[in-house]
Amino acid sequence: MARLIRNEQGKQLAFLLTQPDEVLIEFCKFAIEYIGAGINEKKCTVAAKKLGTTYEIVRSALEALVALLIDSTKLAVSERDFTTSLQSLDGINEKQIEILWQFVISKRNLVDNIMRASCQDELYFRDLEWRIEGRIASRARHTQATPIIKMKFHLDTECVSEYREKLDSTPLPVTEEEHTNEQKAPVTRRQVLAETNPVMLQYMIQVLEKALIEARTRRVRNYVKPSHG
C-alpha cells in the first residue's frame with residue numbers, strides 16, 4: 001500500500017496529538033467545513049488563541065487532516081492499513097486512531113462524490129502548437145536578444161483517444177439532423193496561450209520528465225487506481 005502519512009504531514013498532525021480528544025474531534029468537524037466551504041480564517045484565529053498557539057500551526061494541522069481524509073478515500077484504505085499507517089506517528093494512542101478512523105469512514109462517500117464532481121471539468125491534453133520568436137540582429141541593441149517560445153495548448157474536457165481523433169479527421173457526409181445536434185452539443189475544447197524563454201522551457205521539461213518517471217512508480221499507481229474504480 002502507498003504511504004498514507006508523509007513526513008511533513010506527520011509533523012503537522014503532531015500538534016493535535018498533544019491535545020485532548022475533544023480538541024481532535026472538533027478539528028475533524030472543522031476539516032469537514034474546510035472541504036465544503038474552504039478555510040475559515042476567523043475560526044482558525046479563535047482556535048489558535050484558545051490553544052495558545054499560532055494561526056499557521058492551526059491551519060497546517062487542519063490541512064493535514066483534510067489531506068488524510070482525501071488520501072484515505074483515494075486509496076480506499078481498510079481499517080487495518082489505516083491503523084498500521086497511523087501507528088508510525090510519535091505520541092499517537094489507540095483512542096486517537098479510533099477518532100481519526102471514524103472521521104475518515106463517516107465522510108468517505110462525501111469526499112468521493114466531491115472528487116468525482118471535480119473530475120468532470122478536468123482538462124485533458126489534446127495537441128500543442130508552438131513557434132520561436134526573436135530578433136536576429138539589431139544595431140540598436142547592445143545585448144543579444146533572448147528568443148521567446150510561444151505555445152498554444154489544445155485542451156478538452158472529453159478524454160478522446162488519439163486514434164479516434166485521427167479517424168474522425170476524415171470528413172464524412174453530414175445530414176441536416178446531425179448538423180443541428182452538433183450545433184447544440186456543449187463546447188468541450190479550450191485553448192490556452194503561453195510563452196516562455198529557453199531557460200524556463202528547459203526547467204519545465206525537466207519537471208515533466210520527473211513527473212512521468214514518478215507516474216510509473218507503484219506509489220502513484222496505488223493513488224490513481226482507486227479514484228478511477
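Just above sits the structure.
Quick caveat: nothing in here was measured; it's all calculated off a predicted structure.

Draft legend 1. Layout of the packing of aromatic side chains. Scanning all chains against the criterion turns up two aromatic pairs. An angle of 50° between the planes, with centres 5.2 Å apart, marks the rings of F82 and W101 as tilted. Of the two residues, F82 is situated in helix α5 (residues 79-86) and W101 in helix α6 (residues 94-106); the sequence distance between them amounts to 19 residues. Of the two residues examined, F82 and W101, each falls in the buried class. A cation sits over an aromatic face here: K43 above F30, 5.8 Å from the ring centre.

Draft legend 2. Fine view of the pattern of salt bridges. Enumeration according to the criterion identifies seven salt bridges in this entry. Salt-bridge contacts for R131 lead to E133; the nearest nitrogen and oxygen are separated by 2.7 Å. Looking at R131, the relative accessible area reads 48%, which means it is partly exposed. For E133, a relative accessible area of 28% gives the class partly exposed. Between E133 and K150 there is a salt bridge, with the nearest N and O atoms lying 3.4 Å from each other. In this pair, E133 sits in strand β1 (residues 124-133) while K150 sits in strand β2 (residues 148-156), placing the two residues 17 residues apart along the sequence. Assessed through its relative accessible area of 29%, K150 is described here as partly exposed. A single salt-bridge network, built from bridges that share partners, covers R131, E133, K150 and E195.

Draft legend 3. Structural context of the sheet that holds β2. Read across the open sheet, the three strands follow the order β1-β2-β3; overall the sheet is antiparallel. In this open sheet, the two strands that pair with only one neighbour each are β1 and β3 (189-196). On average, adjacent strands in this sheet sit at an angle of 15° to one another, irrespective of strand direction. Here β2 pairs with β3 via eight bridges, running antiparallel. Residue I149 lies in a different strand from β3, and its bridge partner there is T196.

Draft legend 4. Seen up close, the side chain of S72. The residue S72 is located in helix α4 (residues 55-75) in this model. Since its relative accessible area comes to 0%, S72 is described here as buried. Every residue in contact with S72, bar those within four places of it in the chain, is listed here: L4, V77, F82, V104 and R108.

Draft legend 5. Quick peek at α6. Taking 1.5 Å per residue as the helical rise, α6 with its 13 residues ought to reach 18 Å, and the 18 Å between its terminal C-alpha atoms agrees with that figure. Along α6, the residues that are buried comprise Q96, I97, I99, L100, W101, F103 and V104. A side-chain oxygen of the first residue of α6 lies 3.1 Å from the backbone nitrogen of K95; this N-cap is N93.

Draft legend 6. Region of interest: helix α2 (residues 21-37). Spanning 17 residues, α2 covers 25 Å between terminal C-alpha atoms, matching the ideal 24 Å at 1.5 Å per step. Looking at α2, one finds that the buried residues are V23, L24, F27, C28, F30, A31, I32 and Y34. The first or second residue beyond α2 is G38, which carries a positive phi of 85°.

Calculation rules
Residues numbered from 1 in each chain as written. Predicted model: local features only at pLDDT ≥ 70, side-chain atom pairs only at ≥ 80, totals over all residues. Heavy atoms only, no water. Phe/Tyr/Trp six-rings, centres within 6.5 Å; stacked < 30°, edge-to-face > 60°. Helix = DSSP H or I, 4+ residues; strand = E, 2+ residues; numbered from the N terminus. Buried < 20%, exposed > 50% of the residue type's maximum accessible area, 1.4 Å probe, protein only. Lys NZ or Arg CZ within 6 Å of the ring centre and 35° of its normal. Salt bridge = Lys/Arg side-chain N within 4 Å of Asp/Glu carboxyl O. Pairing = 2+ DSSP bridges. Axes fitted to C-alpha atoms, helices over the stretch in contact; angles between N-to-C directions. Contact = heavy atoms within 4.5 Å. Expected span 1.5 Å × (residues − 1). Polar contact = N/O pair within 3.5 Å; in protein donor to acceptor, adjacent residues only side chain to side chain.

That's the geometry; what it means functionally is another story.
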